[in-house]
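Analysis of the macromolecular model
Single-letter residue listing:
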Amino acid sequence: SLFPDADIGVASNDYNLWSNLIDCIESKGNLTNIDDTLYDNKIIYSLRKEDYSLDDLPLPKRSSTTNEVSNVLVSSGCNGCCTFCALHLYNLKCGVKARKRNPQKIWEEIDELYKKGVKYVVLESDDLFSFNVEDSNHWISDFCECSKNRNYDLKFHAYLRADNLLKYKEYLPFLKKAGLCEVFVGIESFCDRQLKLYSKHVSAKNNINAFKILKKS
């Protein structure tokens, strides 16, 4: 076994499988009997096509949340093809597409966190701005629109790609007004040759310009 200290491995991004697995463990059931799965050598594989919507998933149970920092899921998956990341290989093999949550749903979850005293939110997403989907502009616009009339003393952290930051830079002032105060940009290199080897599909100039925009913002 690759991980002798692990009890169970899950080779899937199927959130329903995780729920079923937890139910099985809590009821001391047989792991081989979980629907639509294959259990082999301590690894569970999902046999279902992962075509569910993130909006169908229940919100995390945070009844005991006392921290001022919390994470909020914005999206799942990535359409990138970076050679240093195994995620795109998994997505290709399993036919998984990147998914985003409805902006209204995201802000409703943030509303609940704010009521519990949360002051800083990490927006969990491989890239907040775009997954190369046709309605990216609409999603970003809706996200910014939903932030209006919510006069929270709340700050956000988000993950961005340099090329998409350049593409959607006009939205930065609205996101900043909504509370965006910190971003993480996967630069990897300022060498075009290295970026090409990584299959980042960005240039060193893109990375430099992204920093300039962030500094100006």
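Look up a bit, the structure's there.
Residues numbered from 1 in each chain as written. Predicted model: local features only at pLDDT ≥ 70, side-chain atom pairs only at ≥ 80, totals over all residues. Heavy atoms only, no water.

Things to note about the packing of aromatic side chains
- Inspection of every chain in the model, using the stated rule, returns eight aromatic pairs.
- Both rings, one in Trp-139 and one in Phe-143, keep their centres 5.3 Å apart while their planes meet at 15°; by these two values the pair is stacked. With Trp-139 and Phe-143 both in helix α4 (residues 136-147) and four residues apart, this pair spans about one turn of that helix.
- The exposure class of Trp-139 is buried, given its relative accessible area of 9%.
- One aromatic cluster is present, built from ring pairs that chain together Trp-107, Trp-139, Phe-143 and Phe-156.
- In this arrangement the basic side chain of Lys-100 is found over the ring face of Trp-139, its NZ or CZ atom lying 4.3 Å from the centre. (Phe/Tyr/Trp six-rings, centres within 6.5 Å; stacked < 30°, edge-to-face > 60°. Helix = DSSP H or I, 4+ residues; strand = E, 2+ residues; numbered from the N terminus. Buried < 20%, exposed > 50% of the residue type's maximum accessible area, 1.4 Å probe, protein only. Lys NZ or Arg CZ within 6 Å of the ring centre and 35° of its normal.)

Quick look at unusual backbone geometry
- Backbone geometry at Asn-149 places phi at a positive 65°, although glycine is not the residue there.
- Tracing the sequence through the fold places Asn-149 in the loop between α4 and β8 (155-160).
- Positive phi is not limited to glycine here, since Ser-199 has a value of about 60°.
- With respect to the helices and strands, the residue Ser-199 is situated in the loop between α7 (192-197) and α8 (204-216).

Here's the deal with the sheet that holds strand β1 (residues 9-11)
- On the basis of which strands lie adjacent, the open sheet formed by three strands has the order β1-β3-β2 and mixed pairing. Strand pairing shows two members of the sheet lacking a second neighbour, β1 and β2 (37-40), which therefore form its edges. On average, each strand axis in the sheet is inclined to that of its neighbour by 20°, with strand direction left out of account.
- With four bridges joining them, β2 and strand β3 (residues 43-46) adopt antiparallel strand pairing. Counterpart to Thr-37 in the pairing with β3 is Ser-46. (Pairing = 2+ DSSP bridges. Axes fitted to C-alpha atoms, helices over the stretch in contact; angles between N-to-C directions.)

Brief notes about the nonpolar core
- In terms of nonpolar packing, the biggest core is built from 31 residues, with Leu-123, Leu-128 and Phe-156 touching the most fellow members.
- Elements with a minimum of two residues in this core: α3 (103-115), β7 (120-124), α4, β8, α5 (162-167), α6 (172-178), β9 (180-185) and α8.
- Take this core: its biggest share by element is five residues, from α4.
- Not counting chain neighbours up to four residues away, the residues in contact with Leu-128 comprise Val-74, Lys-100, Leu-123, Trp-139, Ala-158, Tyr-159, Leu-160 and Leu-175.
- Counting residues in each nonpolar core, the second largest holds six residues, with Leu-17, Leu-21, Cys-24 and Ile-44 among its members. (Core = buried A, V, L, I, M, F, W, Y, C linked by side-chain atoms within 4.5 Å. Contact = heavy atoms within 4.5 Å.)

Quick look at the environment of Phe-190
- For Phe-190, the position within the fold is in the loop between β9 and α7.
- Overall, the relative accessible area of 47% leaves Phe-190 in the partly exposed class.
- Each C-alpha atom, one on Phe-190 and one on Ala-204, is 4.6 Å from the other, the two residues being 14 residues apart in sequence.
- Beyond its immediate stretch of four places on either side in the chain, Phe-190 contacts Ala-204, Asn-207, Ile-208 and Phe-211.

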